[in-house]
Amino acid sequence: MSFKPANKIQDLQYFGEFGGVNPSISDSSTYTFLSAKTMFDTFEGNADGCYLYSRHSTPSNLYLGEALAAMEGTETANVTASGMGAITPVLMQLCGAGDHIVSSRTIYGGTYAFLKNFTPRFNIETSFVDITKLDVVEAAITPNTKVLYCESVSNPLLEVADIKGLAAIAKKHNLKLIVDNTFSPLSITPTQFGADIVIHSLTKFINGSSDTVGGVVCGTQDFINELRSVNDGACMLLGSTMDSLRAASVLKNLRTLHLRIQQHSKNAHYLAEKFEGLGLKTVYPGLASHPSHELIKSMLNDKYGYGGMLTVDAGSLDKANALMELMQEKNLGYLAVSLGFYKTLFSAPGSSTSSEIPEDEQKEMGLSDGLIRFSIGLDDDIERTFEMMKSCMKELNII
Ligand SMILES: *Cc1c(COP(=O)(O)O)cnc(C)c1O
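Because the structure is a prediction, the values reported are computed rather than measured. (Residues numbered from 1 in each chain as written. Predicted model: local features only at pLDDT ≥ 70, side-chain atom pairs only at ≥ 80, totals over all residues. Heavy atoms only, no water.)

Quick look at helix α7 (residues 163-172) now. Burial in α7 covers these residues: Ile163, Gly165, Leu166, Ala167, Ile169 and Ala170. The elements touched by buried residues of α7 are α6 (134-139), β4 (145-151), β5 (176-180) and α12 (293-299). Positive phi shows up at asparagine 174, right after α7, with a value of about 60°. (Buried < 20%, exposed > 50% of the residue type's maximum accessible area, 1.4 Å probe, protein only. Helix = DSSP H or I, 4+ residues; strand = E, 2+ residues; numbered from the N terminus. Contact = heavy atoms within 4.5 Å.)

This is the structure we're talking about:
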């Protein structure tokens, strides 16, 4: 039986203060205590169920955190103001001066920039490796390594991490395996294969309406407590806390995630097959031609599909730009970064979201100039969408 993450969300039951079907929003930054003793105990971390101050936690944030923990199969979770606001405190919590990280080289541009340019200031060094080669990953580990970091399906090249294999390496060398699961919520449950900590940018599929940034760290109660510690917790002290109003709205959107992911996957799979059929260089994990197709199939939760992301190589940056502009003109989607929206979004990652990665490194990892990253929308009539995209490609002599 495969894990059923959507059931876990469905089975949660919250009521509002007046019997409302949605939990009440806690619209307060600070909380009163009935006694001074309770306030002291709460600061010491010994008063369960008491709220202190909203940077620490709020009822609304806890509701959303519990729902996401249920989805990812972890004990608990902490929601943050953005995906980067989840990634950076986790790494700062686990690593200090002299420590080392082994990371996939195909990761979100912001995460790459943080590890490449920012953490060295604190004497934390990172080796970037081809995450699909387990022997290369293991060879990069040093006595100072603390963390193994990857994305389950990577941005933007859609490489697939062998989470089980990586977890075995992490265990052997006593490392924490951190998996950013932003590209494959519901489809892949990294803890099922041994991930220690799962991170999402909620900004993308999970919220799904491109109206906010948000993030989450899913992990053990002990680790989340450490992150929230008033004395030395990176979430508490760096302050990337989610606002309560936003936590309430993301929770409402989360409830339709299972329907949206199925539609995103169905549409992306259809287009990927059609694009490949036209002779375009197409990358989609659901295609048999994807180098890790069998691997992702072995990790997939039934029915959510291979996700909404695909890439197509238009041949050159000029062609990619012309195609994206024409598709936008025909209202087939928006020339915008980000993903998980109801409309299709497209961008050329080499000159946008991955521009933090130097050009020679982009080449080495297979990120070509003409690459277009698509986040396929919820289109009801994907056949029509394909016909219209095809005629744009014809007009520009791409096919
Ligand atoms: C967008 C993204 C992030 C960063 O999230 P923000 O919410 O923009 O801070 C991290 N990882 C992946 C894979 C992303 O796509």
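As summarised here, the arrangement of the seven strands in space is β1-β7-β6-β5-β4-β2-β3, forming an open sheet in which the pairing is mixed. Because the sheet does not close on itself, it has two edges, and the strands there are β1 (76-80) and β3 (125-129). In this sheet, adjacent strand axes meet at a mean angle of 20° when their direction is disregarded. Against the sheet, helix α3 (residues 59-72) contacts β1, β6 (197-201) and β7 (215-219), and its axis sits at roughly 125° relative to β1. Most of the contacts of helix α5 (residues 109-118) go to β3, to which it runs at about 130°, and overall it touches β2 (100-104), β3 and β4. (Pairing = 2+ DSSP bridges. Axes fitted to C-alpha atoms, helices over the stretch in contact; angles between N-to-C directions.)

Among the five residues of β5, four are classified as buried, and the element is accordingly described as predominantly covered. Summarising the sheet, β4 and β5 pair through five bridges and their orientation is parallel. In the sheet register, valine 147 faces β5, and the bridge partner there is lysine 176. Bridging between β5 and β6 involves three bridges; their strand directions are parallel. The residue of β6 that forms the bridge with isoleucine 178 is isoleucine 197.

This part covers the site of the ligand. Lining the immediate surroundings of the ligand are 13 residues, of which Gly83, Met84, Asp180, Thr203 and Lys204 lie closest. Take glycine 83: an N or O atom from its main chain is 2.8 Å from an oxygen atom of the ligand. In this structure, methionine 84 approaches the ligand through a main-chain N or O atom, which is 2.8 Å from an oxygen atom. For the shell around the ligand, the class distribution of residues is four nonpolar, six polar and three charged. (Near = heavy atom within 4 Å. Polar contact = N/O pair within 3.5 Å; in protein donor to acceptor, adjacent residues only side chain to side chain. Nonpolar A, V, L, I, M, F, W, Y, C, P; charged D, E, K, R; others polar.)

Attention now goes to the sheet that holds strand β9 (residues 309-313). Across the sheet, five strands lie side by side as β8-β9-β12-β11-β10; this open sheet has mixed pairing. What marks the edges here is a single partner per strand, and that holds for β8 (281-283) and β10 (334-335). Where strand β11 (residues 345-347) and strand β12 (residues 371-375) come together, three bridges link them in antiparallel fashion. When the bridges of β12 are listed, serine 347 appears paired with arginine 373. Each of β8 and β9 touches helix α11 (residues 257-277); the most contacted strand, β9, lies at about 20° to it.

The next point concerns a negative patch on the surface. On the surface, Glu75, Asp222, Glu226 and Asp232 cluster together into a patch of negative charge. In this fold, aspartate 232 is placed in the loop between α8 (221-228) and α9 (234-238). (Patch = residues over 30% accessible without salt bridge, like charges linked within 9 Å, V, L, I, M, F, W, Y side chains within 5 Å. Areas by Shrake-Rupley, 256 points an atom, 1.4 Å probe, with all protein chains shown as cover. Salt bridge = Lys/Arg side-chain N within 4 Å of Asp/Glu carboxyl O. Lys, Arg positive; Asp, Glu negative; His and termini not counted. Charge placed at Lys NZ, Arg CZ, Asp CG, Glu CD.)

This paragraph deals with unusual backbone geometry. Following asparagine 155, the chain continues into proline 156 via a peptide bond in cis, with omega recorded as -5°. In this model, leucine 186 sits at a positive phi of 70°, which is unusual for a non-glycine residue. If you check the backbone angles, asparagine 331 has positive phi at about 60° while not being a glycine. Tracing the sequence through the fold places asparagine 331 in the loop between α13 (317-329) and β10.

The subject of this paragraph is helix α4 (residues 84-94). Buried residues dominate α4, accounting for nine of its 11 residues. Turning to α4, its buried residues are Gly85, Ala86, Ile87, Thr88, Pro89, Val90, Leu91, Gln93 and Leu94.

A separate point is the domain arrangement of the protein chain. Its domain assignment divides the protein chain into domain 1 (5-254) and domain 2 (258-395). Distance from the C-alpha centre of domain 1 to the C-alpha centre of domain 2: 27 Å. Counting residues at the interface gives 36 residues for domain 1, matched by 41 residues for domain 2. Taking both sides of the interface into account, the surface hidden between domain 1 and domain 2 amounts to around 3,100 Å²; carbon and sulfur atoms contribute 64%. Salt-bridge contacts for lysine 116 lead to glutamate 361; the nearest nitrogen and oxygen are separated by 3.4 Å. Counting across the domain 1 and domain 2 interface gives 12 residue pairs in polar contact (both at pLDDT 80 or more). Contributions of two or more residues to the side of domain 1 that touches domain 2 are made by α1 (5-10), α5 and α10 (244-254). When residues of the side of domain 1 that touches domain 2 are assigned to their parent elements, the largest contribution, five residues, is made by α5. Residues belonging to the side of domain 1 that touches domain 2 are distributed by class as follows: 20 nonpolar, 12 polar and four charged. (Domains from an automatic or database assignment. Buried area = accessible area lost by both parts, 1.4 Å probe.)

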